[in-house]
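Each chain, written out:
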Amino acid sequence: MELNGAQIVVQSLIDEGVEYIFGYPGGAVLHLYDAIFQQEELKHILVRHEQGATHAADGYARATGKPGVVLVTSGPGATNAVTGIATAYLDSIPLVVISGQVSLPVIGSDAFQEVDMVGITRPCVKHNFLVKDVTKLAETIKKAFYVATSGRPGPVVIDIPKDITAPNIKVPYSYPESVSIRSYNPVVSGHKDQIKKAVDLLLSAKRPIIYSGGGVVLGEASEQLIEFTRALGYPITNTLMGLGSYPATDNQYVGMLGMHGTYEANMAMHESDVIIAIGARFDDRVTGKLDLFCPHAKIIHIDIDPASISKTVRVAIPIVGDIKPVLEQMLSLIKESCIKTDADALAQWWKQISEWQTINCLDFDRTSPLIKPQYVIEQLHEVTKGDAYVTSDVGQHQMWAAQYYKFNKPRRWINSGGLGTMGFGLPAAIGVKLAFPEADVACVTGEASIQMCIQELSTALQYKTHVKIINLNNRYMGMVRQWQEFSYESRYSHSYMDTLPEFVKLAEAYGHVGLRIDKPEEVRPTLETAFAMKDRTVFIDIMTDRTENVYPMIEAGKGHHDMKLRVAIGTSTDRELA
Amino acid sequence: MRHIISILMENESGALSRVAGLFSARGYNIESLTVAPTEDPSLSRMTLVTRGNDEIIEQITKQLNKLIDVVKLIDLAESFHIERELLMVKVRTSPEMRDEIRSMADIFRGKIIDVTPTTYIIEMTGPSEKLDAFIAAIDPESIIEAVRSGPTGISRGELGLHL
Ligand SMILES: Cc1cc2nc3c(=O)[nH]c(=O)nc-3n(C[C@H](O)[C@H](O)[C@H](O)COP(=O)(O)OP(=O)(O)OC[C@H]3O[C@@H](n4cnc5c(N)ncnc54)[C@H](O)[C@@H]3O)c2cc1C
Ligand SMILES: Cc1ncc(C[n+]2csc(CCOP(=O)(O)OP(=O)(O)O)c2C)c(N)n1
Ligand SMILES: [Mg+2]
């Protein structure tokens with residue numbers, strides 16, 4: 001079969017099994033758009049801003065586990081995509097981003113809409129390619145998907161000069177079944193001896209904790225994690241990125257850890273003697289001050305990326321490998337082992353943990369006449385029966401969604417953790433809804449964040465992606481305001497917008513339903529109404545208590561045992577330990 | 001501690017900037033960097049000299065290995081190796097000084113590779129410290145220009161960095 005470059009791109013994507021491509025046209029990709037026009041298999045989703053394209057593709061990828069695919073033009077189209085690429089990079093999300101480029105002969109001449117996309121994206125992609133030969137196009141696309149989805153996933157950019165996609169140059173086409181790259185061989189199975197050592201250490205623990213993260217979601221290892229955790233009977237905490245990979249309503253789950261983690265999770269980390277980190281990368285939001293991090297613990301770390309291991313925290317037993325096979329190996333060793341977990345020590349440890357739990361660190365004022373944001377999330381959880389896909393933006397609302405929506409399944413919680421990109425939530429929700437048209441999809445956002453990609457409301461109408469936008473409107477950049485309250489003597493410098501749009505009218509202007517509430521008793525019925533409207537996008541503007549803060553909180557420079565709690569409770573470091 | 005990292009990588013445009021970019025983005029220092037194609041034209045070899053404690057060097061090698069274009073690398077400091085650097089130095093010569101400079105070059109096993117009525121160019125290879133010593137031994141006023149390649153190295157014995 002002979003195809004031109006543009007047809008090769010489209011056919012390669014189809015042969016790769018791509019369902020949706022999120023994009024925005026422009027000069028350098030006109031040949032590509034013409035090829036897209038002339039077929040029906042590959043569905044193109046026209047966003048309203050290229051940042052929206054990357055976030056929508058990213059949301060699709062996070063919800064499905066399949067790579068998200070993006071098409072943007074050169075120059076401004078490409079640079080607009082960069083924030084979304086960096087967002088995917090920091091959370092290890094597989095994306096393939098195709099950017100148009102000026103024609104090969106004029107590259108480097110400051111041609112119209114020329115920007116060095118390969119150069120700009122180099123620090124925020126797993127890899128990138130500039131295609132200089134149309135005969136290499138199909139192979140490059142195959143390589144891009146392979147790199148993006150294997151090992152530690154990540155975004156890959158393919159920069160394609162316009163002349164490479166020219167309609168008149170046809171070359172033989174065949175899409176490679178597989179590719180190998182001699183310089184790229186991700187490790188899969190863990191080292192046997194290390195695994196054995198890890199199991200021995202785990203079984204000898206007196207105050208163990210399992211700390212698992214986004215790697216479990218990325219590695220589709222939720223089932224193995226649950227089996228492993230139950231077999232040991234140890235407490236487990238999840239990072240923000242790992243939420244849902246272990247059921248939040250399970251007894252062994254002690255909540256999220258880190259800056260806004262639960263008291264019990266952070267205390268258990270601090271007092272533990274053995275930690276097994278599974279697909280988590282010891283982010284600074286999790287560790288707090290490194291010198292104070294888990295002073296008594298020996299650490300086992302499973303990660304597919306050797307560079308994640310001992311990067312910020314030195315570990316005793318590193319295991320480089322894919323979580324799923326590694327946990328399977330560990331499980332069979334645990335079952336075979338003649339050593340059993342220390343039942344007495346474990347009972348003591350659980351006793352201590354349940355004592356910490358009595359503090360009830362996520363409790364909030366349920367009698368307030370104002371709408372408490374936490375209450376909204378609890379109600380959202382109930383109304384959607386805990387089964388919605390929840391995307392979020394960045395700020396306090398994100399933390400409340402993470403704390404109060406009890407995720408019981410992986411890939412349901414979709415947020416920008418590593419980069420913390422405001423504007424992520426709405427386009428991501430659109431991507432999720434395309435993947436799962438029948439599912440409930442909620443975008444929990446704030447009045448500042450939503451304005452960063454509000455234009456995608458128009459995309460939502462065009463493609464009938466009927467998501468529900470839960471705008472926790474505190475009339476503040478709440479997260480910024482909270483830091484200013486705690487660390488800058490309440491000098492609220494520019495964390496407040498003097499003017500806000502009328503979101504109800506805005507939603508209506510975009511062709512959607514807008515609802516506004518300001519009383520607690522309206523929350524439940526309004527959510528019910530919104531989710532009952534299956535064929536409408538609903539924007540619920542919820543006036544919340546504007547002074548509410550996210551608790552618990554570990555402030556900068558503090559350790560896990562030193563949390564700011566809603567009610568002042570003494571830390572228990574001086575308490576007698578089991 | 002000083003480390004010489006020898007890297008075998010795909011001979012692709014952009015490969016060099018990936019390595020250089022990694023160092024600047026992550027705040028690692030590069031003392032020197034040399035790169036040239038190998039006997040296999042699809043591969044090039046890069047030698048870079050960096051400094052850092054064991055943890056930093058461990059991260060550097062892991063991050064380098066993570067680059068898709070990097071095929072293999074070794075930290076030469078971990079084993080017996082030979083290290084060489086090339087120096088070309090152009091010195092101003094007065095008739096009275098010529099003999100002295102020549103004998104100094106001889107002592108250091110340098111070669112005079114260009115002569116004009118007022119200048120010499122001396123070529124010298126060796127471990128970097130030897131080149132440092134030579135430069136220190138000649139009158140700084142006389143040096144018009146000194147060009148150094150940056151060190152490159154190879155491990156001793158059967159061990160080698162190849163596909
Ligand atoms: C406002 C705000 C507040 C935040 N507060 C918190 C907080 O309180 N608590 C918190 O936890 N986070 C918080 N975060 C998020 C934080 O910034 C990090 O994004 C997050 O902690 C990282 O999660 P993770 O360690 O699970 O790593 P991820 O970024 O999810 O990385 C996954 C790790 O798993 C590895 N991996 C991937 N696939 C596999 C596989 N198949 N097998 C083995 N390993 C694999 C990767 O190499 C990587 O090391 C906050 C973010 C924001 C924006
Ligand atoms: C693109 C971007 N710019 C700035 C920030 C810094 N930032 C983090 S949270 C936040 C405020 C978010 O306000 P809002 O969306 O109203 O959420 P709230 O915290 O009030 O729930 C800001 C400005 C960011 N994370 N992303
Ligand atoms: Mg707000």
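Residues numbered from 1 in each chain as written. Chains lettered and ligands numbered in written order. Predicted model: local features only at pLDDT ≥ 70, side-chain atom pairs only at ≥ 80, totals over all residues. Heavy atoms only, no water.

1. Comments concerning the overall build of chain B
Within chain B, the secondary structure is distributed over 4 helices and 9 strands. In sequence order, the secondary structure elements of chain B are arranged as β-α-β-β-α-β-β-α-β-β-α-β-β. On the principal axes, the C-alpha backbone points of chain B span a range of 55 × 35 × 35 Å. Here chain B holds 163 residues, and the buried ones make up 42% of them. Sequence-distant contacts in chain B: of pairs separated by 6 or more residues, those separated by 24 or more amount to 73%. As displayed, chain B has an accessible area near 8800 Å², and 55% of this comes from carbon and sulfur atoms. Put simply, chain B has 18 plus and 25 minus side-chain charges, and the middle of one group is 1 Å from the middle of the other. (Helix = DSSP H or I, 4+ residues; strand = E, 2+ residues; numbered from the N terminus. Buried < 20%, exposed > 50% of the residue type's maximum accessible area, 1.4 Å probe, protein only. Contact = heavy atoms within 4.5 Å. Areas by Shrake-Rupley, 256 points an atom, 1.4 Å probe, with all protein chains shown as cover. Lys, Arg positive; Asp, Glu negative; His and termini not counted. Charge placed at Lys NZ, Arg CZ, Asp CG, Glu CD.)

2. Brief notes about the overall build of chain A
Helix and strand counts for chain A stand at 20 helices and 20 strands. For chain A, the C-alpha radius of gyration of 25 Å lies close to 25 Å, the compact-globule estimate for 578 residues. Counting 54 positive and 65 negative side-chain charges, chain A places the averaged centre of each group 2 Å from the other. (Rg over C-alpha atoms; globule rule 2.2 N^0.38 Å.)

3. Some points on the coordination of the magnesium ion (ligand 3)
Residues and elements named next belong to chain A. Looking at the magnesium ion (ligand 3), one finds its protein donor set to be Glu447 (OE), Glu447 (OE), Asn474 (OD1) and Tyr476 (O), positioned 2.0 to 2.7 Å from the metal centre. Metal-centred angles of 51 to 177 degrees between the 6 donor atoms at the magnesium ion (ligand 3) mark the site as irregular. Spacing between the donor residues of the magnesium ion (ligand 3) along the chain follows E-x26-N-x1-Y. Tyr476 shares its class with Asn474; the two are buried. (Donors = N, O, S within 2.8 Å, 3.2 Å for Na, K, Ca; no water. Tetrahedral: all angles 85-135°; square planar, octahedral: opposite > 155°, others 65-115°.)

4. Observations regarding the sheet that holds strand S3 (residues 43-46) of chain A
Residue and element names in this part refer to chain A. Pairing in this open sheet of 6 strands is parallel, and the strands run S3-S2-S4-S5-S7-S6 from one edge to the other. At either end of the open sheet lies a strand with only one pairing partner, and these are S3 and strand S6 (127-130). Averaged over all adjacent pairs, the angle separating strand axes in this sheet is 20 degrees, with direction ignored. In this sheet, S3 lies alongside strand S2 (residues 20-23) in parallel orientation, the contact comprising 4 bridges. Within S3, the residue paired with Phe22 across the bridge is Ile45. (Pairing = 2+ DSSP bridges. Axes fitted to C-alpha atoms, helices over the stretch in contact; angles between N-to-C directions.)

5. Quick notes on the site of ligand 2
All names here are of chain A. Near ligand 2 you find 17 residues, and of these Gln396, His397, Gly420, Ser449 and Gly478 are the closest. Within the backbone of Met422, a nitrogen or oxygen atom sits 3.4 Å from a nitrogen atom of ligand 2. Within the side chain of Glu447, one N or O atom sits 3.2 Å away from an oxygen atom of ligand 2. Secondary structure elements with two or more residues in the shell around ligand 2: helix H15 (396-404) and helix H18 (478-487). (Near = heavy atom within 4 Å. Polar contact = N/O pair within 3.5 Å; in protein donor to acceptor, adjacent residues only side chain to side chain.)

6. Considerations on the site of ligand 1
Residues and elements named next belong to chain A. Neighbouring residues of ligand 1: 35 residues in total, closest Gly214, Thr239, Arg281, Asp303 and Ser308. Separating an oxygen atom of ligand 1 from a backbone N or O atom of Gly214 is a distance of 2.7 Å. For ligand 1, whose free accessible area comes to 990 Å², the fraction covered by protein is 97%. Looking at the shell around ligand 1, the elements with two or more residues in it are helix H8 (214-218), helix H11 (284-287) and H15. For the shell around ligand 1, the element with the most residues is H8, which contributes 3 residues.

7. Remarks on the interface of chain B and chain A
Chain B puts 20 residues into the contact, and the matching count from chain A is 19 residues. Approximately 1600 Å² of surface area, both sides summed, lies buried where chain B meets chain A, with 46% of it carried by carbon and sulfur atoms. Taken together, the links from chain B to chain A amount to 3 salt bridges. Measuring nitrogen to oxygen at the nearest pair gives 2.7 Å for the salt bridge that ties Asp305(A) to Lys66(B). At the boundary of chain B and chain A, one finds 10 residue pairs in polar contact (both at pLDDT 80 or more). For the side of chain B that touches chain A, the secondary-structure elements that each account for two or more residues are helix H1 (15-26), helix H2 (54-66) and strand S4 (70-75) of chain B. Each residue belonging to the side of chain B that touches chain A can be placed in one class, and the counts come to 5 nonpolar, 6 polar and 9 charged. (Buried area = accessible area lost by both parts, 1.4 Å probe. Salt bridge = Lys/Arg side-chain N within 4 Å of Asp/Glu carboxyl O. Nonpolar A, V, L, I, M, F, W, Y, C, P; charged D, E, K, R; others polar.)

8. Here's the deal with the nonpolar core
All names here are of chain A. Residues Phe228, Ile278, Met330 and Ile470 are the most contacted members of the largest nonpolar core, which totals 97 residues. Ignoring any residue separated from it by four or fewer positions in sequence, one finds Ile470 in contact with Val376, Leu380, Ala442, Cys443, Val444, Thr445, Leu527, Ile540 and Ile542. Membership of the second largest hydrophobic core comes to 48 residues, among which are Tyr60, Leu426, Ile469 and Phe539. (Core = buried A, V, L, I, M, F, W, Y, C linked by side-chain atoms within 4.5 Å.)

9. Some remarks on the pairing of strand S7 (residues 119-126) of chain B
Most of S7(B) sits out of view: 6 of its 8 residues are buried. Counted between consecutive antiparallel strands, the loop separating strand S6 (residues 111-115) of chain B from S7(B) contains 3 residues.

10. Thoughts on the confidence of the model for chain A
A residue-level look at chain A finds 98% of positions with pLDDT of 70 or above and a mean pLDDT of 96. Contacts for the low-pLDDT stretch residues 569-578 of chain A, under 50 throughout, to residues beyond four places or in other chains number 21 contacts. (pLDDT = per-residue confidence, 0-100.)

11. Observations concerning a nonpolar patch on the surface
Residue and element names in this part refer to chain B. Together, Leu16, Ile30, Leu33 and Val35 line one region of the surface with nonpolar side chains, adding up to about 280 Å² of accessible area. Relative to the assigned elements, Val35 resides in strand S2 (residues 32-37). What makes Val35 partly exposed here is its relative accessible area of 41%. (Patch = residues over 30% accessible without salt bridge, like charges linked within 9 Å, V, L, I, M, F, W, Y side chains within 5 Å.)

12. Some details on unusual backbone geometry
Residues and elements named next belong to chain A. Residue Tyr551 is joined to Pro552 through a cis peptide bond whose omega torsion reads -5 degrees. Note on placement: Pro552 falls in the segment after strand S20 (538-543). Positive phi outside glycine occurs at Cys294, with the angle close to 40 degrees. Topologically, Cys294 is positioned in the loop between H11 and strand S13 (298-303). Look at Arg411: it is not a glycine, yet its phi comes out positive at around 70 degrees. One can find Arg411 in the loop between H15 and strand S16 (413-414).

13. Topic: helix H6 (residues 137-149) of chain A
Helical geometry note: an α-helix holds 3.6 residues per turn, so side chains three or four residues apart project in the same direction. All names here are of chain A. Helix length check: H6, at 13 residues, gives a terminal C-alpha distance of 19 Å against a target of 18 Å (1.5 Å per residue), a fit within 8%. For H6, the elements touching its buried residues are helix H1 (5-16), strand S4 (68-72), strand S5 (95-101), S6 and strand S7 (155-161). Positive phi shows up at Gly151, right after H6, with a value of about 55 degrees. (Expected span 1.5 Å × (residues − 1).)

14. Comments concerning H15(A)
Counting buried positions along H15(A) yields 9 of 9 residues, so the element is predominantly enclosed. Among all positions of H15(A), only Gln396(A), His397(A), Gln398(A), Met399(A), Trp400(A), Ala401(A), Ala402(A), Gln403(A) and Tyr404(A) are buried.

15. What about the packing of aromatic side chains?
All names here are of chain A. What the rule picks out here adds up to 18 aromatic pairs over all chains. For the ring pair Phe282 and Phe293, a centre distance of 5.9 Å and an interplane angle of 85 degrees mean the geometry is edge-to-face. Here Phe282 is found in the loop between strand S12 (274-278) and H11, whereas its partner Phe293 is found in the loop between H11 and S13, with 11 residues between them in sequence. Across the pair, Phe293 and Phe282 agree in class, each one buried. Every member of this aromatic cluster is reached through a ring pair, and the members are Tyr20, Phe22 and Tyr60. A cation sits over an aromatic face here: Arg481 above Tyr476, 5.3 Å from the ring centre. Its guanidinium or amino end placed over the ring of Phe486, Lys564 lies 4.3 Å from that ring's centre, counting from NZ or CZ. (Phe/Tyr/Trp six-rings, centres within 6.5 Å; stacked < 30°, edge-to-face > 60°. Lys NZ or Arg CZ within 6 Å of the ring centre and 35° of its normal.)

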